[in-house]
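Chain residues, written in single-letter form:
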Amino acid sequence: GAVVSQHPSWVICKSGTSVKIECRSLDFQATTMFWYRQFPKQSLMLMATSNEGSKATYEQGVEKDKFLINHASLTLSTLTVTSAHPEDSSFYICSARDRRGGPYEQYFGPGTRLTVT
Amino acid sequence: GQQLNQSPQSMFIQEGEDVSMNCTSSSIFNTWLWYKQDPGEGPVLLIALYKAGELTSNGRLTAQFGITRKDSFLNISASIPSDVGIYFCAGQYVGGSNYKLTFGKGTLLTVNP
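Counting restarts for each chain: residues are numbered from 1 in the order of the written sequence. A letter from A marks each chain and a number from 1 marks each ligand, given out in the order of writing. Confidence filtering applies because this is a predicted model: local features only for residues at pLDDT of at least 70, side-chain atom pairs given and counted only at 80 or more, and all residues used for totals across whole chains, interfaces and linings. Water and hydrogen atoms play no part in the side-chain values, which are based on all heavy atoms of the structure.

Draft legend 1. Fine view of the overall build of chain A. What chain A contains, in helices and strands, is zero helices and 11 strands. By the compact-globule yardstick of 13 Å for 117 residues, chain A fits well, its C-alpha radius of gyration being 13 Å. Considered along the principal axes of its C-alpha atoms, chain A spans approximately 40 × 25 × 20 Å. Counting across all 117 residues of chain A, residues that qualify as buried make up 53%. Long-range contacts, defined as pairs at least 24 residues apart, comprise 55% of the intrachain contacts of chain A with a sequence gap of at least 6. Where accessible areas are quoted, they stem from the Shrake-Rupley method and a 1.4 Å probe; at the residue level, only the protein chains shown are allowed to cover. Accessible surface computed for chain A: about 5600 Å², of which carbon and sulfur atoms make up 50%. Counted as positive: Lys and Arg. Counted as negative: Asp and Glu. His and the chain ends are not counted at all. Note on charges: their place is set at NZ of Lys, CZ of Arg, CG of Asp or CD of Glu. Taking the average place of the 12 positive charges on the side chains of chain A and the average place of its 10 negative ones, the gap between the two points comes to 3 Å. Secondary structure counts use DSSP, requiring at least four H or I residues in a row for a helix and at least two E residues in a row for a strand, with both numbered from the N terminus. Here the globule rule reads 2.2 Å times residues to the power 0.38, and the radius of gyration is calculated from C-alpha atoms. Think of it in three bands: residues with accessible area under 20% of the maximum for their type are buried, residues over 50% are exposed, and the middle band is partly exposed, with areas taken using a 1.4 Å probe on protein chains only. We call two residues in contact when some of their heavy atoms are within 4.5 Å.

See the structure below:
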């Protein structure tokens, strides 16, 4: 149980275009989902916290107009990278918190590799 | 954002050896978590610690939550080749509705067969 999926697993887009990444909790309901970015050989950096039915909370330095987050249901959150630039190329990982579990129970998706050319 | 101090940065060991890595923080945490990440994958939870002083095992893995709530260590005994990967510690301070995790920079483990 507690499986989180991401789609797509990898995507290549041209500079200036937008790309949407989906994060789904497959066998549980997630009141909260988190979006992270990870550059090569670096740690995970939290970008934003997404609560179902409300606006996402962004970390300092993360542009909310560039990284649009929508958490429309208890099993789906989406991250849209708008007007993508090569420096946005990274590994994007989501995690989901099981609404029935304790605060620590966050399950991670397999990640999405974004390459902007 | 805030990061934890995780050491060592990398380790090269022989199969069968024991491994130890640790994390320290300037802030206290309610929960310490240890994750393993394989290349191109998301992190997988190995051990979760909820109480200061707690010592928890998961197979060949043992982790402890420091008494000061500002540190934790992870030990791997009798390492095997599939232990290769990046190990991250993460601290969680639960306050209000904040369940954010703060990650260490990771320890890259290489096991020579």
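Draft legend 2. Summary view of the pairing of strand 8 (residues 71–76) of chain B. All names here are of chain B. Burial of strand 8 is one-sided: the residues S72, L74 and I76 facing one way are buried, the residues D71, F73 and N75 facing the other way are not. At least two DSSP bridges between two strands are required for those strands to pair. Pairing analysis gives six bridges linking strand 3 (residues 19–24) to strand 8, with the strands arranged antiparallel. By the bridge assignment for strand 8, C23 is matched with S72. Pairing between strand 7 (residues 61–65) and strand 8: five bridges, direction antiparallel. Across the sheet, the residue bridging to A63 is L74, located in strand 8.

Draft legend 3. Just the layout of surface pockets, in detail. Here a cavity means grid points, on a 1 Å grid over the protein atoms only, where a 1.4 Å probe fits yet cannot get out; a pocket means an open set of points with protein on both sides within 12 Å along at least five of seven lines; lining residues are those with an atom within 4 Å of a point. Grid points are joined across faces, edges and corners, and a volume is the space filled by probe spheres set on the points. Size it by volume and the largest pocket reaches roughly 590 Å³. Lining the largest pocket are 24 residues, and of these Q38, P40, K41 and Q42 of chain A together with I86 of chain B lie nearest its centre. Sorting elements by how many residues they give to the lining of the largest pocket places strand 9 (residues 85–92) of chain B first, with three residues. Put simply, Ala, Val, Leu, Ile, Met, Phe, Trp, Tyr, Cys and Pro go in the nonpolar bin, Asp, Glu, Lys and Arg in the charged bin, and everything else, Gly too, in the polar bin. The class makeup of the residues in the lining of the largest pocket is nine nonpolar, 10 polar and five charged.

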